[in-house]
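# Residue-level structural notes
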Amino acid sequence: MLQMTTQVRKQAIRQRIIIDRERLGADERAIKSHQISKRIASLEAYRKAGTVLAYMSFGAEYSTRELVRQALREDKRVLLPRVNVATKELDLYQVSNLQHDLAPGQWNIPEPLVERCPRIDLLRDLDFILLPGVAFGRDGVRLGYGGGFYDKLLARIAVTWQDHFPALVAGAFSMQLIEGIPQEQTDYKVEWIVTENEVIPCAAH
Ligand SMILES: Nc1nc2c(c(=O)[nH]1)N(C=O)[C@@H](CNc1ccc(C(=O)N[C@@H](CCC(=O)O)C(=O)O)cc1)CN2
Ligand SMILES: Nc1ncnc2c1ncn2[C@@H]1O[C@H](COP(=O)(O)OP(=O)(O)OP(=O)(O)O)[C@@H](O)[C@H]1O
């Protein structure tokens, strides 16, 4: 019953923030996305990273394209997720060319083409993870679309790699920062939230 209440509360927050985020105009989103990208690119954790797990934004999410392009230009190893419908988990693939390596997948999100991109199973190699999200708390609590994809991925990484963990960073518009997001046992917190206005260091996970 407690579980149910948490899910209902999460869903209400999701719906509200998704609608509010759509209200930001396209131009405003582009300017803010650029500011977020620049701030993330200047984080030490990003600069030091050899292997980066990013994602391709969709809808009114902060646009990750600039950062993904920059990482490829800087010769970082760039991985992108693909929703595995059978396992309901994220499979990771290395991309090298955004024009040729991607096609619209689940929910129309650009995803790596399996025939062009090598699948990467070695979660140990990850230095930096850029996480999507609908809403965030300043303490690092993250609310996604409800698939639990990232929490499951992070749980897999935690098992593989107990002593060391990749940096967990989220880019988001400042309107996505809210108080009172309910947390569950399986939820991982992000370490940094980067908005158009600030870089927020959050509690360690
Ligand atoms: N850009 C981006 N890529 C991502 C994520 C993300 O949040 N953002 N994900 C983060 O985990 C995964 C995809 N997760 C998603 C889960 C639900 C919906 C969504 O729109 N669901 C609709 C129902 C759609 C349907 O079932 O047909 C909904 O909830 O209304 C989108 C993405 C992997 N890739
Ligand atoms: N490690 C895990 N193993 C199994 N199920 C999990 C795990 N982590 C989360 N889940 C389940 O996934 C479902 C959705 O979780 P949650 O609402 O936290 O998703 P989200 O963080 O919003 O989505 P996403 O991670 O895809 O952005 C929940 O029912 C949760 O119990």
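The protein chain appears in an unreviewed UniProt entry as 5-formyltetrahydrofolate cyclo-ligase from Candidatus Nitrotoga fabula.

## So, the pairing of strand β9 (residues 167–171)
The buried fraction of β9 is high, at five of five residues. Burial along β9 is two-sided: Ala167, Val169 and Gly171 facing one way and Leu168 and Ala170 facing the other are all buried. Examined bridge by bridge, strand β6 (residues 128–131) and β9 share four bridges and lie parallel to one another. Each residue of the ladder has a partner; that of leucine 130, found in β9, is valine 169.

## What about the sheet that holds β9?
Strand pairing in a sheet is mediated by backbone hydrogen bonds. Such pairs are either parallel or antiparallel. If you trace the seven strands from one edge of the open sheet to the other, you get β3-β2-β1-β6-β9-β10-β11, paired in mixed fashion. The open sheet is flanked by β3 (89–95) and β11 (199–201), the only strands paired with a single partner. Each strand axis lies, on average, 25° off the axis of its neighbour in the sheet, ignoring direction. Where strand β2 (residues 77–84) and β3 come together, seven bridges link them in antiparallel fashion. Note on β3: the bridge partner recorded for leucine 79 is glutamine 94.

## A closer look at the layout of surface pockets
A water-sized probe rolled over the atoms picks out the places where empty space is left. If you add up the space inside the largest pocket, you get close to 600 Å³. Taken together, 31 residues line the largest pocket, and the ones lying closest to its centre are Tyr145, Gly147, Gly148, Phe149 and Tyr150. The set of elements that each furnish at least two residues to the lining of the largest pocket consists of α1 (2–23), β2, β5 (110–112), β8 (142–143) and α5 (149–160). Tallying contributions element by element places α1 first for the lining of the largest pocket, with four residues.

## Some details on the site of ligand 2
Ligand 2 sits among 16 residues. The nearest are Arg14, Arg142, Gly144, Gly146 and Phe149. At 3.0 Å from an oxygen atom of ligand 2 is found a main-chain nitrogen or oxygen belonging to glycine 148. Here phenylalanine 149 contributes a backbone N or O atom positioned 2.9 Å from an oxygen atom of ligand 2. When ligand 2 is considered free in solution it has 650 Å² of accessible area, and contact with the protein chains removes 75% of it. In this structure the site holding ligand 2 corresponds to the largest pocket. Per-element accounting of the shell around ligand 2 gives the leading share, five residues, to α5. Classifying every residue of the shell around ligand 2 by side-chain character gives five nonpolar, five polar and six charged.

## A short note on the UniProt feature "binding site: substrate" (unreviewed entry) in the protein chain
With numbering matched to this structure, UniProt assigns "binding site: substrate" (unreviewed entry) to Met56 and Glu61. Of the residues annotated just before, the largest pocket has Met56 and Glu61 among its lining. Residue methionine 56 is classed as buried on the basis of its relative accessible area, which comes to 3%. Residues in contact with methionine 56, not counting those within four places in the same chain, are Glu61, Thr64, Arg65, Val68, Leu80, Leu98, Leu102, Ile109 and Pro110. Look past the residues within four positions of glutamate 61 in its chain and what remains in contact with it is Arg21, Tyr55, Met56, Pro132, Tyr145 and Phe173. A polar contact is formed between the side chain of glutamate 61 and the backbone nitrogen of phenylalanine 58, at a distance of 2.9 Å.

## Things to note about the site of ligand 1
In the vicinity of ligand 1 lie 13 residues, with Tyr55, Met56, Glu61, Trp107 and Tyr145 positioned nearest. Within the side chain of glutamate 61, a nitrogen or oxygen atom sits 2.7 Å from a nitrogen atom of ligand 1. Coverage of ligand 1 by the protein chains reaches 67% of its 690 Å² of free accessible surface. Mapping ligand 1 onto the cavity grids shows that it belongs to the largest pocket.

Reading the values: the criteria
Residues numbered from 1 in each chain as written. Chains lettered and ligands numbered in written order. Predicted model: local features only at pLDDT ≥ 70, side-chain atom pairs only at ≥ 80, totals over all residues. Heavy atoms only, no water. Buried < 20%, exposed > 50% of the residue type's maximum accessible area, 1.4 Å probe, protein only. Helix = DSSP H or I, 4+ residues; strand = E, 2+ residues; numbered from the N terminus. Pairing = 2+ DSSP bridges. Axes fitted to C-alpha atoms, helices over the stretch in contact; angles between N-to-C directions. 1 Å grid on protein atoms, 1.4 Å probe; cavity = no way out; pocket = protein on both sides within 12 Å on 5 of 7 lines; lining within 4 Å. Points joined across faces, edges and corners; volume = space filled by probe spheres on them. Near = heavy atom within 4 Å. Polar contact = N/O pair within 3.5 Å; in protein donor to acceptor, adjacent residues only side chain to side chain. Areas by Shrake-Rupley, 256 points an atom, 1.4 Å probe, with all protein chains shown as cover. Sits in = over half its atoms within 2 Å of the grid points. Nonpolar A, V, L, I, M, F, W, Y, C, P; charged D, E, K, R; others polar. UniProt positions renumbered as here; feature names shortened; annotations may be inferred. Contact = heavy atoms within 4.5 Å.

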